[in-house]
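Descriptive analysis of the structure
Spelled out, the chains give:
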Amino acid sequence: AAISAWLGTSTWPAYCAAGITAAYGMLKTYWVFGGTALWSIAPLDPEMIEKARSGTAARWFEIADAFSVVLAVAGVLFALATVRPRRWLPAWLVRWSLWPLATFMVLRGVLGMIGDVQQIASGESGPLTHQAIWDLALWAPLFLIWGLLWAATAITYTRRAGALPRSHSTRR
């Protein structure tokens, strides 16, 4: 209830979600066009990272990477559409789209952290532990925060969309 009251009908969660989505989309675009920065800390199988770096990754991987850029663009547009003063997106569409997305991202963050801690605690060294350290430090918290921002966007948009008719109908 306290978080709900604190959020109110704010638009900042949507702007933050759009910003993170845009940054992630730019990174993915960079990778699609052959960039290699951050590949060494990407949360992927080390063998897949090496194939992506060398340009020998499977076709499905290249398609999935390109599709993630399209999803990022759609995500930015969707997030920005929720902050427009005119509420043209139906609240049910926002709920049905953003709650599953938020849930997936929060689960990715939390379960990633649990797996990372287990890998690090195993005492093993090597590429999997290196990847787990980076995932725990960067990717898992990013996905957790990103998912919480999408959830907050769904809550605040639904409130703004629901408040509009009531406020007009109660005014005289």
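Residues numbered from 1 in each chain as written. Predicted model: local features only at pLDDT ≥ 70, side-chain atom pairs only at ≥ 80, totals over all residues. Heavy atoms only, no water.

A few points about the overall build of the protein
Which entries qualify depends on this criterion: Secondary structure follows DSSP: runs of H or I at least 4 residues long count as helices, runs of E at least 2 residues long count as strands, and numbering of each begins at the N terminus. We call two residues contacting when some pair of their heavy atoms lies within 4.5 Å. The method behind every accessible area is Shrake-Rupley, applied with a 1.4 Å probe, and residues are considered shielded solely by the protein chains displayed. His is not counted, nor are the chain ends; Lys and Arg add positive charge and Asp and Glu add negative charge. Charge positions are represented by NZ for Lys, CZ for Arg, CG for Asp and CD for Glu.
Per the secondary structure count, the protein includes six helices and zero strands. For the protein, the α and β elements follow one another from N to C terminus as α-α-α-α-α-α. Taken over the C-alpha atoms alone, the protein extends approximately 70 × 35 × 20 Å along its principal axes. Sequence separation of 24 or more characterises 73% of the internal contacts of the protein that already satisfy a separation of 6 or more. Carbon together with sulfur atoms contributes 70% to the accessible area of the protein, which is approximately 10,200 Å² in total. On the protein, the mean spot of the 14 positive side-chain charges and the mean spot of the 8 negative ones are 30 Å from each other.

Some words on the environment of valine 83
The cut-off we apply is this: With a 1.4 Å probe rolled over the protein chains alone, any residue whose accessible area is under 20% of its type maximum counts as buried; one over 50% counts as exposed, and the rest are partly exposed.
Along the chain, the position of valine 83 falls in the loop between α4 (59-81) and α5 (91-121). According to the relative accessible area criterion, valine 83 is buried, its value standing at 13%. With near-sequence residues (within four places) excluded, valine 83 lies in contact with Thr11, Ala14, Tyr15 and Arg160.

Topic: the packing of aromatic side chains
Test applied: Between the rings of Phe, Tyr and Trp (Trp by its six-membered ring), a pair exists once the centres lie within 6.5 Å; its type follows the angle of the planes, with under 30 degrees stacked, over 60 edge-to-face, and the other angles tilted.
Summed over all chains, the structure comprises six aromatic pairs. Here the aromatic rings of tryptophan 60 and phenylalanine 61 are separated by 5.9 Å at their centres, their planes lie at 85 degrees, and the arrangement is edge-to-face. You can call tryptophan 60 exposed: its relative accessible area is 56%. Exposure remark for phenylalanine 61: the relative accessible area of 10% places this residue in the buried category. An aromatic cluster is built from Trp31, Trp39, Trp60 and Phe61, whose rings are joined through pairwise contacts.

Some points on the environment of glycine 112
If you trace the backbone, glycine 112 turns up in helix α5. Once the C-alpha coordinates of glycine 112 and cysteine 16 are considered, the two residues, 96 residues apart in sequence, prove to be 22 Å apart. Glycine 112 has contacts with Leu107, Asp135 and Ala140, leaving out every residue within four places of it along the chain.

A word on the confidence of the model for the protein
Which entries qualify depends on this criterion: Along the chain, pLDDT gives the predictor's confidence residue by residue, from 0 to 100.
With 92% of its residues at a pLDDT of 70 or more, the protein shows a mean pLDDT of 88. Here helix α1 (residues 2-7) stands out as the element of the protein with the lowest mean pLDDT, 76, in contrast to helix α2 (residues 12-32), whose mean of 96 is the highest. pLDDT under 50 marks residues 164-172. Its contacts with residues more than four places away, or in other chains, come to one contact.

Observations regarding α4
Put simply, the rule is: In this analysis, the expected span of each helix is defined as 1.5 Å times one less than the number of residues it contains.
Its 23 residues place the ends of α4 33 Å apart at the C-alpha level, agreeing with the 33 Å of an ideal helix rising 1.5 Å per residue. Among the residues of α4, those classed as buried are Phe61, Asp65, Ser68, Val69, Ala72, Gly75, Val76, Phe78, Ala79 and Ala81.

Concerning the pattern of salt bridges
We apply this condition: The term salt bridge refers to a side-chain nitrogen of Lys or Arg lying within 4 Å of a carboxyl oxygen of Asp or Glu.
Under the criterion given, the structure shown has five salt bridges. Where aspartate 65 meets lysine 28, a salt bridge forms, and the shortest distance between an N and an O atom there is 2.8 Å. With aspartate 65 in helix α4 and lysine 28 in helix α2, this pair connects stretches of sequence that are 37 residues apart. Neither aspartate 65 nor lysine 28 differs from the other in exposure class; each is buried. Between aspartate 135 and arginine 108 there is a salt bridge, with the nearest N and O atoms lying 2.6 Å from each other. Of the two residues, aspartate 135 is situated in helix α6 (residues 127-170) and arginine 108 in helix α5; the sequence distance between them amounts to 27 residues.

Considering the nonpolar core
To keep things clear, this is the line we draw: Throughout this description, the term nonpolar core refers to a set of buried Ala, Val, Leu, Ile, Met, Phe, Trp, Tyr and Cys residues connected via side-chain atoms within 4.5 Å.
In this structure, Leu89, Val94, Leu98, Trp146 and Trp150 are the most contacted members of the largest nonpolar core, which totals 19 residues. Counting only elements with at least two residues in this core, the list comes to α2, α4, α5 and α6. The element that contributes the greatest number of residues to this core is α6, accounting for eight residues. Excluding residues within four positions of it along the chain, valine 94 makes contact with Phe78, Thr82, Leu89, Trp99, Ala154 and Tyr157. Ranked by size, the runner-up nonpolar core spans 10 residues in total, among them Trp31, Trp39, Phe61 and Trp139.

Points about the side chain of glutamine 119
Stated precisely, the cut-off is as follows: In the analysis that follows, any N or O atom pair within 3.5 Å is treated as a polar contact, provided that within protein one partner can donate a hydrogen and the other can accept it, and provided that, for residues neighboring in sequence, both atoms belong to side chains.
You can see glutamine 119 is positioned in helix α5. At 3.0 Å, the side chain of glutamine 119 and the side chain of threonine 129 are in polar contact.

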